[in-house]
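What follows is the residue order along each chain.
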Amino acid sequence: MKYHNTILAVGLALACGTALSAPAAVQEAPAAAPVPAKGIPIAKPAEMMKLTKVQPGLYTLRCVGMDKAQANFYGPYDASAPAAKGAGTVPRCGCSSVVNGNFVGRNMDYFNTPAPYFMVWTDAGQDHYASLAMSFAPLNIEKFVESSQTAPDDINHYNTPEQLGRLTTMALDGVNEKGVCCATLAVDATDANNTCKGTNPGAPEISLYMVCRYVLDHAATAEEAIELLKKCSIRVMDPEIGFHWIIADRNRCYIVEVVNDRLQYTDKRNVITNCLHTQPGLNSHPWGYERLQILEEHYHEGTSVEGMYNLMRRVHFSQAYRLDTKPYWYSEKTGLNDDGSDITVQTPRYDPTLRKMMEEDAAALKVVTPENNPLMLWDTTYGNVYDMENKTMRIMMHEKYDTFYDAKL
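The notes below deal with the structure included here. What you see is a predicted model, and the numbers here were worked out from it, not measured in a lab.

1. Description of the sheet that holds strand β13 (residues 253-259)
Thought 1: Here we have nine strands laid out as an open sheet, ordered β2-β3-β6-β7-β8-β9-β12-β13-β14, and mixed in their pairing. Looking along the sheet, the strands with just one partner apiece sit at the ends: β2 (52-55) and β14 (262-266). On average, adjacent strands in this sheet sit at an angle of 25° to one another, irrespective of strand direction.
Thought 2: Sheet topology places strand β12 (residues 241-248) next to β13; four bridges connect them, and they run antiparallel. Opposite I246, over in β13, you have I255 as the bridge partner.
Thought 3: Across the face of the sheet, helix α4 (residues 211-218) comes into contact with β6 (117-123), β7 (131-135), β8 (171-176), β9 (181-188) and β12 while running at roughly 10° to β8.

2. Quick look at unusual backbone geometry
Thought 1: Positive phi is not limited to glycine here, since M49 has a value of about 55°.
Thought 2: With respect to the element layout, M49 can be found in the loop between β1 (39-42) and β2.
Thought 3: Judged by relative accessible area, which is 35%, M49 ranks as partly exposed.

3. Thoughts on the pairing of β7
Thought 1: Counting buried residues along β7, five of its five residues qualify, which places the element largely inside the surrounding structure.
Thought 2: Relative to β7, β6 is paired through five bridges, and the arrangement is antiparallel. Bridge pairing in β7 places T122 opposite S131.
Thought 3: Bridging between β7 and β8 involves five bridges; their strand directions are antiparallel. Looking at the pairing, S131 lines up with N176 of β8.

4. Considering the packing of aromatic side chains
Thought 1: This structure, assessed with the given rule, holds seven aromatic pairs.
Thought 2: Summarising the aromatic geometry, the rings of Y59 and F118 are spaced 5.9 Å apart at their centres and angled 35° between planes, so their arrangement reads as tilted. Residue Y59 is found in strand β3 (residues 58-64), and its partner F118 is found in strand β6; the two are separated by 59 residues along the sequence.
Thought 3: Under the relative-accessibility criterion, F118 is labelled buried at 0%.
Thought 4: Here F317 and W329 contribute two aromatic rings whose centre-to-centre distance is 6.0 Å and whose plane-to-plane angle is 65°, an arrangement assigned as edge-to-face. With F317 in the loop between α7 (305-313) and α8 (352-366) and W329 in the loop between α7 and α8, this residue pair connects regions lying twelve residues apart in the sequence. For the pair shown, F317 and W329 are each scored as buried.

5. Side note on α4
Thought 1: Among the eight residues that make up α4, eight are buried, leaving the element largely enclosed by the rest of the structure.
Thought 2: Among the residues making up α4, those that are buried are V211, C212, R213, Y214, V215, L216, D217 and H218.

6. Overview of the nonpolar core
Thought 1: The biggest cluster of nonpolar side chains holds 83 residues, and the ones touching the most others in it are W245 and I247.
Thought 2: Here W245 is in contact with C182, A183, T184, L208, V211, C212, I234, Y254, I255, V256, V258 and I272, once residues within four sequence places are set aside.
Thought 3: Of all hydrophobic cores here, the second largest spans ten residues; its members include Y59, L61, V120 and Y158.

7. Description of the environment of N107
Thought 1: As for its position among the elements, N107 is in strand β5 (residues 103-111).
Thought 2: As for N107 and E399, which are separated by 292 residues in sequence, their C-alpha atoms are 9.6 Å apart.
Thought 3: A distance of 2.9 Å separates the side chain of N107 from the backbone oxygen of M312, its partner in a polar contact.

8. What about the pattern of salt bridges?
For side chains bearing opposite charge, pairing can occur when the charged atoms are close.
Thought 1: Per the counting criterion, the structure on display carries 15 salt bridges.
Thought 2: E205 is the partner of R235 in a salt bridge, and the nearest nitrogen-oxygen pair spans 3.2 Å. With R235 in strand β11 (residues 233-235) and E205 in strand β10 (residues 205-207), the pair connects residues that are 30 residues apart, well separated along the chain.
Thought 3: On the accessibility criterion, E205 (34% relative accessible area) is partly exposed.
Thought 4: Within the structure, one salt-bridge network assembled from shared partners comprises E223, R252, D267 and K268.

9. What about the side chain of H316?
Thought 1: Tracing the backbone shows H316 in the loop between α7 and α8.
Thought 2: Overall, H316 belongs to the buried group, its relative accessible area being 9%.
Thought 3: Residue contacts for H316: discarding those within four places in its chain leaves N107, W329, T380, M396 and E399.

10. Describing the environment of F404
Thought 1: Take F404: it is sitting in strand β18 (residues 404-408).
Thought 2: A residue is classified by how much of its surface remains accessible, and F404, at 6% relative accessible area, is buried.

Cut-off values and rules
- Residues numbered from 1 in each chain as written.
- Predicted model: local features only at pLDDT ≥ 70, side-chain atom pairs only at ≥ 80, totals over all residues.
- Heavy atoms only, no water.
- Pairing = 2+ DSSP bridges.
- Helix = DSSP H or I, 4+ residues; strand = E, 2+ residues; numbered from the N terminus.
- Axes fitted to C-alpha atoms, helices over the stretch in contact; angles between N-to-C directions.
- Contact = heavy atoms within 4.5 Å.
- Buried < 20%, exposed > 50% of the residue type's maximum accessible area, 1.4 Å probe, protein only.
- Phe/Tyr/Trp six-rings, centres within 6.5 Å; stacked < 30°, edge-to-face > 60°.
- Core = buried A, V, L, I, M, F, W, Y, C linked by side-chain atoms within 4.5 Å.
- Polar contact = N/O pair within 3.5 Å; in protein donor to acceptor, adjacent residues only side chain to side chain.
- Salt bridge = Lys/Arg side-chain N within 4 Å of Asp/Glu carboxyl O.

Okay, here's the thing in structure tokens:
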């Protein structure tokens, strides 16, 4: 199971990468740059269900949310159809999230693709809350590959009633009017013993792709979010690829996972990467091990928007390919040996196979840009910081861009 062969499987599981072309005024940030000085406010779109372009790869959308009576709208939707199953690989996935008091940081780590992201304002309704979230609408595999190669920013793939409808529900992370924040991260579910039967057979079904949207629409507190999810049957669409969530308000923080076909949660941790946290003994492949260590070590920095923003920059995913990263990010690699066994944190740095892989990745990274990336290397395609009290989002698209955007619910 070679490392670069995992990329297509991840694309099919999440289908939400971004390729960006820098606007003329945007400059590439130096490695040790302070918080970027250039911030741009974004206002809620005036028109409903109309995409507005912010920059290449980033759009805004305003929509109406779904009331609980329409909960069937959240029902199983296989966003990875038709090809996450049978791809023959289990993906290595990035993404990190931290909750520190009032502030939530989240990195979306992904390999560069042209599929855009969307800032979605959801208006309040009779039985749902207003929210501001990052969203995406996966394409099927043929369109995904086609657009990756030929149409770097072709919004026509998304600007249809069907895709716009999906955008309203496929939230990756967000905050609602009650100050509840939720973020979705990928996890290797191989060891979780899930059978795709659902967490609560017989209860109303909800796809794991739509958990974040359901929480934002209906939870007034993090604890209420847990109670709502207990009453649902969360469906895992592929037993090898899953998500887990961090759900927080200003007083509580939970990590939520699906293990053994059951909803599992803990309020003992405030940092999440891509390994199981409710039952860590099941992790045979601790993805994000180094990122977890770094975020826990510097956790105290995330006590403001600026502090959390800089904390999340410590784990920008391009570091996975740098020879000088200390610690070297072993847990983001796979396929060290011919038999497919993984690199681990115990693998010596001087191992010849590992060194060759590291050098190849480092050489490739030197010539990669957002425009010419050959779909082989990852970076942090966006990084968000949420202020739960003030219901704001700060987003920087693509880690190499020295521009961020500020939005308020």
